[in-house]
Amino acid sequence: MTSNTFAPTRSLNPFAGLMSGTAGPVIVVVLAIIGAWYIGSVSLNTPFQLDTYERADRTDVPFSELLSDTLSQERPVLPAPHQIAVEIWETTAEKKITSKRSLIYHSGITLSSALLGFLIGTTLGILLAIGIIHSRVLEKSLMPWIIASQTIPILAIAPMIIVVLNAVGVSGLLPKAMISTYLSFFPVAVGMVKGLRSPEVIDMDLMHTYSANRLQTFWKLRLPYAVPFLFTSMKIGMAAALVGAIVGELPTGAVAGLGARLLSGSYYGQTLQIWSALIMAAFVAGSLVALIGLVEKLALQRMGMTR
Amino acid sequence: MTALAGAKDTEMVEKHKSASPDRVIDIEKLSLTFETNDGPVHALSDIDLKIEQGDFVSFIGPSGCGKTTLLRVIADLEKPTAGSITVNGVSPEEARLNRAYGYVFQAAALYSWRTIAGNVALPLEIMGLSRSERQQRVARNLELVNLSGFEKKYPWQLSGGMQQRASIARALAVEPDLLLMDEPFGALDEIVRDHLNEQLLQLWAKTSKTVAFVTHSIPEAVFLSTKIVVLCPRPGRIYDVIESDLPRDRTLDIRESPEFLKIAHRVREGLKAGHSYED
Ligand SMILES: Nc1ncnc2c1ncn2[C@@H]1O[C@H](COP(=O)(O)OP(=O)(O)O)[C@@H](O)[C@H]1O
Ligand SMILES: [Mg+2]
């Protein structure tokens, strides 16, 4: 117990220092996932490998060879992490951005419609929220529809949006963006309604004593209060918009975009292509969310809301 | 219900117009009952009160006797359930729309995303004053409450007492003829409180403002006021109204004078008799 009084000895243990930060635990978790992944790859790819040996009439294959063979199949059931890494490297760094085989090209296609849909969705969400907090009629008439809209599975409605818009001559970026909009307006609308309604009673009373009108109360009180809510819901909306863009590429049999890569990968059993598209999608979503987080930090700093 | 109240209001307004041009607040048979889940709470019951231009009126009484509620009724933050009230001869709502008063809440209620200067400037922006006028008023009133040099700080960077002073500067910046102050110095230490009491008294004497002031402190009430209203709870009602005959320009040493002590004694007796010490 008395050893507690010698607190500085803690810092002599480098591992303790590592574990006390956020980097340490994250590294441990990542290593654990990669380890589990390799075990999964080996065991899931073994049946096919044994089949191959049998057909080649090879009986006494040493375990080490089996191991390395399961990790280097062309169309593995579960590709190993290093295979995906190589595939991603080959389809990004080693391909021209304009090439149809470049993952960056495909990401760009998906990203542009996700961003467009996100912008429209965020704008729509904010406008809906403003309407809802200022009018009981709007709240009563819109809120049920907004909620109901999200109970319809996106996979069911995406093909219809694409087909209908195509029929009226709208094709390309916009139909996909509409699906992103459909998914991203909801978290923004809900978050903004909450945020715009969050001012304390005393803060509202203060505005009342100044006889501030609705517009002044909105700009000088409600909106600043809602800013943290807006950023939180934009992060959710951004991730949803990306999902929407990918889903939007599936029903049309699109030839470009991450969704198209997923689709053609699954047609031809190209698991490496599927997984690298998945990892890329996760990476893009993570980067966008991190970017919004950065803007949030700067904005809140400017508003004196961070200490 | 509302039509009835409206009719009553007009009637009262007409009566007062012919009454006294210096009457700032006229309250007659005013009651306010909050309907709560635990049944009705009689926050104010049968209040009669007149406040003239230039009065400094203190409200004193134990917690829950309706001091805050009364101030909020004057400010049109609550609607009375019975009786009538006029502010500057018109309904509280109209007075509020005319920006007749400045209100200092019990809590500072500064906006956390605005600097101290930004907070003081808030009502001025809403009033649509020019930038230079706003800057002048902000500087002047921050100086008055000894906060010069803190313009660019955010509220959380200031102590509770400094925040409260900023909120006073914010109310003063509106330059209202009527100041409604709800225990503005309650959170401050003795010395700062004395200083601000003197400042407030000087400001009041200089500008002939009318002040309605809620306090828990007997010396503060007696030192500041021309009229002291002692309230008692359950239901919240007026127990005693004491007109002070202390001279208008006072300094802190007046607190040792026999006249001062006599008034303080009467306030204390009023509080006791209202059974305010039982809780
Ligand atoms: N909004 C409200 N709803 C219900 N009861 C209230 C409300 N505001 C005040 N009260 C009650 O009214 C009474 C008077 O409150 P208040 O005016 O705040 O007293 P004071 O300021 O003198 O301490 C108290 O019993 C309080 O609980
Ligand atoms: Mg109170």
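Residues numbered from 1 in each chain as written. Chains lettered and ligands numbered in written order. Predicted model: local features only at pLDDT ≥ 70, side-chain atom pairs only at ≥ 80, totals over all residues. Heavy atoms only, no water.

**Q** Can you walk me through the interface of chain A and chain B in this structure?
**A** Reports often express the size of an interface as the amount of accessible area lost when the parts come together. Between chain A and chain B, the contact holds 21 residues from the first and 23 residues from the second. Taken together, the two surfaces of chain A and chain B that pack against each other cover about 2,100 Å², and 63% of this comes from carbon and sulfur. When residues of chain A are sorted by the area they lose upon contact with chain B, T209, Y210 and K220 of chain A head the list and together hold 29% of the total. For the pair chain A and chain B, the number of links is two salt bridges. A salt bridge links R72 of chain B to D205 of chain A, with the shortest nitrogen-to-oxygen separation between them at 2.9 Å. Joining chain A to chain B, the criterion identifies eleven residue pairs in polar contact (both at pLDDT 80 or more). Among the elements that make up the side of chain A that touches chain B, the one with the highest residue count is helix α9 (residues 201-209) of chain A (seven residues). Split by residue class, the side of chain A that touches chain B holds ten nonpolar, six polar and five charged. (Contact = heavy atoms within 4.5 Å. Buried area = accessible area lost by both parts, 1.4 Å probe. Salt bridge = Lys/Arg side-chain N within 4 Å of Asp/Glu carboxyl O. Polar contact = N/O pair within 3.5 Å; in protein donor to acceptor, adjacent residues only side chain to side chain. Helix = DSSP H or I, 4+ residues; strand = E, 2+ residues; numbered from the N terminus. Nonpolar A, V, L, I, M, F, W, Y, C, P; charged D, E, K, R; others polar.)

**Q** Which parts of the structure should I look at to understand the side chain of R165 of chain B?
**A** All names here are of chain B. Considering the arrangement of structural elements, one finds R165 in helix α6 (residues 160-173). Buried and unpaired, R165 has no salt bridge, with D189 as the nearest side chain of opposite charge at 7.0 Å. Here V145 takes part through its backbone oxygen, which lies 3.0 Å from a polar atom of the side chain of R165. Excluding residues that lie within four positions of it along the chain, R165 makes contacts with V145, N146, L147, V192 and L196. (Buried < 20%, exposed > 50% of the residue type's maximum accessible area, 1.4 Å probe, protein only. Lys, Arg positive; Asp, Glu negative; His and termini not counted.)

**Q** Which parts of the structure should I look at to understand the site of ligand 1?
**A** Residue and element names in this part refer to chain B. In the vicinity of ligand 1, the contacting residues are F34, T36, V41, A43, P62, S63, G64, C65, G66, K67, T68 and T69. Contact between ligand 1 and T68: an oxygen atom at 2.6 Å from a side-chain N or O atom of the residue. One of the side-chain N or O atoms of T69 is found 2.5 Å from an oxygen atom in ligand 1. Protein chains shield 61% of the accessible area of ligand 1, which is 560 Å² for the free molecule. Looking at the shell around ligand 1, the elements that each hand over two or more residues are β1 (23-36), β2 (39-52) and α2 (67-74). Among the elements that make up the shell around ligand 1, the one with the highest residue count is α2 (three residues). (Near = heavy atom within 4 Å. Areas by Shrake-Rupley, 256 points an atom, 1.4 Å probe, with all protein chains shown as cover.)

**Q** What should I look at first to understand the environment of S244 of chain B in this one?
**A** Residues and elements named next belong to chain B. Examined against the element boundaries, S244 turns out to sit in the loop between β9 (237-243) and α9 (258-273). Residue class for S244 comes out buried when judged on its relative accessible area of 14%. The sequence separation of S244 and K29 amounts to 215 residues, and the corresponding C-alpha distance is 24 Å. With residues near it in sequence (within four places) discarded, S244 still touches S225, T226, R250 and I263. Of note is the side chain of S244, whose polar atom sits 3.2 Å from the backbone nitrogen of L246.

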